[in-house]
Amino acid sequence: MDAKKLLKPDALYFGDNGRCFCGDCAGMTAFYTGRDLSGQRVMRVTPKVLAECASLDFLPECESCHKRVAS
């Protein structure tokens, strides 16, 4: 039986301590459980969150590959 992948490769997520990562660069714990190593649930960067970030002149991007989501 294969484990179900919970994160989408092209989406961005916020993790513990403000980390931002895409589904491709997420660690295995987050990728398969939706939680980072500290146990905090990761939060997907939705269009609403993206708009809120843009209003603060902040465009989230993956800290590893620098991928951004389209608005």
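Below or above, wherever it landed, is the structure these notes cover. Computed from a predicted model, the values in this text were never measured in an experiment.

**Re the overall build of the protein**
And step 1. In terms of helices and strands, the protein carries 2 helices and 3 strands.
And step 2. Order of helices (α) and strands (β) in the protein, N terminus to C terminus: β-β-α-β-α.
And step 3. Scaling as 2.2 N^0.38, a compact globule of 71 residues should have a C-alpha radius of gyration of about 11 Å, and the protein matches this with 12 Å.
And step 4. In terms of overall dimensions, the protein has a C-alpha envelope of 45 × 20 × 20 Å along the principal axes.
And step 5. Across the 71 residues in the protein, those meeting the buried criterion constitute 31%.
And step 6. Partitioning the contacts of the protein with sequence separation of at least 6, the portion at a separation of at least 24 is 51%.
And step 7. As displayed, the protein has an accessible area near 4900 Å², and 55% of this comes from carbon and sulfur atoms.
And step 8. Averaging the locations of the 10 positively and 9 negatively charged side chains of the protein gives two centres separated by 7 Å.

**Looking at helix α2 (residues 47–55)**
And step 1. Of all the positions in α2, only V49, L50 and C53 are classed as buried. Buried residues along α2 cover an arc of 100 degrees about the axis, so they all sit on one side. Set apart from the buried face of α2 by more than 90 degrees, the exposed residues are P47, K48 and S55.
And step 2. Those residues of α2 hidden inside the fold are in contact with β1 (12–14) and β3 (43–44).
And step 3. D57 sits one or two residues past α2 and shows a positive phi near 55 degrees.

**Regarding the sheet that holds strand β2 (residues 20–22)**
And step 1. In spatial order, the strands read β2-β1-β3; together these 3 strands make up an open sheet with antiparallel pairing. Lying at the two open borders of the sheet, with one neighbouring strand each, are β2 and β3.
And step 2. Here β1 pairs with β3 via 2 bridges, running antiparallel. The residue bridging Y13 from the neighbouring strand is R44, located in β3.

**A short note on the environment of A26**
And step 1. Its place among the elements puts A26 in the loop between β2 and α1 (28–33).
And step 2. Spatially, the C-alpha atom of A26 lies 10 Å from that of F14, the residues being 12 residues apart in sequence.
And step 3. When neighbours within four sequence positions are excluded, A26 is seen to be in contact with L7, F21 and F31.

**Describing the packing of aromatic side chains**
And step 1. Inspection of every chain in the model, using the stated rule, returns 2 aromatic pairs.
And step 2. Here Y13 and F21 contribute two aromatic rings whose centre-to-centre distance is 6.4 Å and whose plane-to-plane angle is 25 degrees, an arrangement assigned as stacked.
And step 3. Each ring, one from F31 and one from Y32, has its centre 5.2 Å from the other, and the planes form 90 degrees; the classification is edge-to-face.
And step 4. Judged by relative accessible area, which is 32%, Y32 ranks as partly exposed.

The rules we used
- Residues numbered from 1 in each chain as written.
- Predicted model: local features only at pLDDT ≥ 70, side-chain atom pairs only at ≥ 80, totals over all residues.
- Heavy atoms only, no water.
- Helix = DSSP H or I, 4+ residues; strand = E, 2+ residues; numbered from the N terminus.
- Rg over C-alpha atoms; globule rule 2.2 N^0.38 Å.
- Buried < 20%, exposed > 50% of the residue type's maximum accessible area, 1.4 Å probe, protein only.
- Contact = heavy atoms within 4.5 Å.
- Areas by Shrake-Rupley, 256 points an atom, 1.4 Å probe, with all protein chains shown as cover.
- Lys, Arg positive; Asp, Glu negative; His and termini not counted.
- Charge placed at Lys NZ, Arg CZ, Asp CG, Glu CD.
- Arc of directions from axis to C-beta.
- Pairing = 2+ DSSP bridges.
- Phe/Tyr/Trp six-rings, centres within 6.5 Å; stacked < 30°, edge-to-face > 60°.

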